[in-house]
Amino acid sequence: MKTEIGIIVVSIFLILGLSFFIFNSQESNLTGFAVYNESSENTENENVMTKEHASLAIEEAELIISEMQENNFSTLYMNDTLITAKKIFKQAKYAEILRDGNASETAKQEARRALILVNWKEITYENVFIYTNEIKNRREKAFLLIDKIAVEESKINPEGAGLYIKDLFSPKVEEISEETKQILEDAKIAFQEDRYQDVEDLLEEFRIALEEEEIETSILLGIKKGAKNFFQRYYIHMIIILILLSIAGYFIYKKFEKKIIRKKIRKMKIEKGVLMKLIKKVQEDRFKKNIISELVYNIRTKEYQEKLQEIKQELPILERRLEELKKKIKNKQ
């Protein structure tokens, strides 16, 4: 009897102990689950962009566009992007109504009509930030590009730049070509027309063209400097060489002067004979054959006579000079 009572008591204690252990384990697990869910939910709420966040982002984008307009920047692209952001914002509001289980049926019907042919399940307020961030990035890019244009322009006109820019980018080309200048002007036009990618491409093209001109200028300056140094170092030698060449040339000419004069006399006599024949021919064409007019006859005759007169004046001089050379040679012999 005592044994049976003991077994019963031990069994009761075992059951109570086991129940207490299971209860504590479940409570601990349940508490941990609740904390986890709450933490996850808080984290998730922090990452979700609300309608208020999206509305503030649109207001900020509008302020950016106003700032750009005040600085006389083109805002065509930004305005189009803002219109898209506002459109997405409206769609997100309607999508929020469709997700809200407590929304009225009237509101849901209006939302369905607004989102017809639109996959509203994928539309959230986060989509608005894609476009508002694009506007922010566009502003940064605009100010960056205007600074780049100013820096490149200072390379052409350093006098108009600040002292710091002037010191950094003093011109390395004496005169930049009009073609290279036009590239920079095209970049300015592209900036005014809101074509920022074209601006970057043109600025890169301008830098390459300017570098090529700088290289050409450096080569020319090097050649000039080398030539100047060469003349400064060897100018005495060159003067002596020029004097010697002049003397040698003089003696060579003197040696062949007789031969040269003979060739000139022979050439003039041949030319004189040809002119005489041409005069006779033009006279026959006019007076015998009558195939040319009086005007043509007079023009040709005048031209032939002038050339013939030049020969008659120069030929005797050359002949006298030839006789003098012959006498000198004969006397030396």
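The structure under discussion appears in the preceding block.
So, here's what we can say about the structure. What you are looking at is a predicted structure, and each value in this text was computed from that prediction instead of being measured.

Description of the overall build of the protein
- A count of helices and strands for the protein gives nine helices and zero strands.
- Listing every helix and strand of the protein by position from the N terminus yields α-α-α-α-α-α-α-α-α.
- Going through the 333 residues of the protein one by one, you find that 22% of them count as buried.
- For the protein, long-range pairs separated by at least 24 residues make up 69% of all intrachain contacts whose partners lie at least 6 apart in sequence.
- Total accessible area computed for the protein in this model is approximately 25100 Å², and 58% of it derives from carbon and sulfur atoms.

So, the pattern of salt bridges
- In the structure shown here, the tally under the stated rule is 17 salt bridges.
- The salt bridge involving Glu 152 is made with Arg 207; its shortest N-O contact spans 3.1 Å. Remark: Arg 207 occurs in helix H8 (residues 196-288) and Glu 152 occurs in helix H5 (residues 126-156); sequence separation between them is 55 residues.
- The salt bridge involving Glu 153 is made with Lys 188; its shortest N-O contact spans 2.5 Å. Here Glu 153, found in helix H5, pairs with Lys 188, found in helix H7 (residues 178-192); they are 35 residues apart in sequence, far enough to count as distant.
- Bridged by salt links that share partners, the residues Glu 152, Lys 155, Glu 204 and Arg 207 form one connected network.

Describing the environment of Lys 148
- Of note, Lys 148 is situated in helix H5.
- Classification of Lys 148 by relative accessible area gives partly exposed; the value is 33%.
- Separated by 51 residues in the primary sequence, Lys 148 and Val 199 place their C-alpha atoms 9.8 Å from one another.

Focus on the side chain of Thr 81
- Looking at the element boundaries, Thr 81 is found in helix H3 (residues 76-99).
- Dropping the residues within four chain positions of it, Thr 81 is found in contact with Tyr 131, Glu 134 and Ile 135.

Some remarks on the nonpolar core
- Judged by nonpolar contacts, the single largest core of 35 residues is most densely connected at Met 68, Val 128, Ile 135, Phe 191, Val 199 and Leu 203.
- Of all elements in the fold, only helix H2 (51-70), H3, H5, H7 and H8 reach the threshold of two or more residues within this core.
- Look past the residues within four positions of Phe 191 in its chain and what remains in contact with it is Phe 73, Ala 142, Leu 145, Ile 146, Ile 149, Tyr 196 and Val 199.
- Counting twelve residues, the second-largest nonpolar core is a separate cluster that includes Ile 265, Ile 311, Leu 315 and Leu 325.

Looking at a positive patch on the surface
- A cluster of basic side chains, namely Lys 259, Arg 262, Lys 263, Arg 266 and Lys 326, defines a positive patch on the protein surface.
- Counting residues per element, the positive patch draws most heavily on H8, at four residues.
- Within the secondary structure, Lys 326 sits in helix H9 (residues 294-332).

Focus: the packing of H2 against H5
- Where H2 meets H5, the closest approach of the two axes is 9 Å, and the angle between their N-to-C directions is 25°. Taken together, the axis directions place H2 and H5 in an arrangement best described as roughly parallel. Read as a crossing pair, H2 and H5 show a hand that is left-handed. Across the interface between the two elements, His 53, Ala 54, Ala 57, Ile 58, Glu 60, Ala 61, Ile 64, Ile 65, Glu 67 and Met 68 from H2 touch Val 128, Phe 129, Thr 132, Ile 135, Lys 136, Arg 139, Ala 142 and Phe 143 from H5.
- Of the residues contributing to the contact of H2 with H5, the split by class is twelve nonpolar, two polar and four charged.

About the thresholds
- Positions within a chain are numbered from 1, following the residues in the order the chain's sequence is written.
- Only residues with pLDDT of at least 70 get local features here, since the model is predicted, and only at 80 or more are side-chain atom pairs given and counted; chain-wide, interface and lining totals rely on the full set of residues.
- The basis for every side-chain value is the complete set of non-hydrogen atoms in the structure, without hydrogens or water.
- Strands here are runs of E lasting at least two residues and helices are runs of H or I lasting at least four, both read from the DSSP assignment and numbered beginning at the N terminus.
- Throughout, exposure labels follow a simple rule: accessible area from a 1.4 Å probe, protein chains only, divided by the maximum for the residue type, with under 20% read as buried, over 50% as exposed, and the rest as partly exposed.
- Any two residues whose heavy atoms approach within 4.5 Å are treated as being in contact.
- What sets the accessible areas is the Shrake-Rupley method with a 1.4 Å probe; for residues, cover comes only from the shown protein chains.
- Definition used for salt bridges: Asp or Glu carboxyl oxygen within 4 Å of a side-chain nitrogen of Lys or Arg.
- To qualify as a nonpolar core, a set must consist of buried Ala, Val, Leu, Ile, Met, Phe, Trp, Tyr and Cys residues joined through side-chain atoms within 4.5 Å.
- Residues qualify for a patch when their relative accessible area is over 30% and they have no salt bridge, like charges being joined within 9 Å and the nonpolar side chains of Val, Leu, Ile, Met, Phe, Trp and Tyr within 5 Å.
- We treat Lys and Arg as the positive residues and Asp and Glu as the negative residues; His and chain ends play no part in the count.
- Every charge is mapped to an atom, namely NZ of Lys, CZ of Arg, CG of Asp or CD of Glu.
- Inter-axis angles, ranging from 0 to 180 degrees, are taken between N-to-C directions of lines fitted to C-alpha atoms, where helices are fitted over the stretch in contact.
- Roughly parallel covers angles under 35 degrees, roughly antiparallel covers those over 145, roughly perpendicular covers 65 to 115, and oblique covers all other angles.
- Handedness of a crossing follows from how the near helix is turned relative to the far one, being left-handed for an anticlockwise turn of less than a right angle and right-handed for a clockwise one.
- Three classes are used, and their members are as follows: Ala, Val, Leu, Ile, Met, Phe, Trp, Tyr, Cys and Pro are nonpolar, Asp, Glu, Lys and Arg are charged, and the others, Gly among them, are polar.

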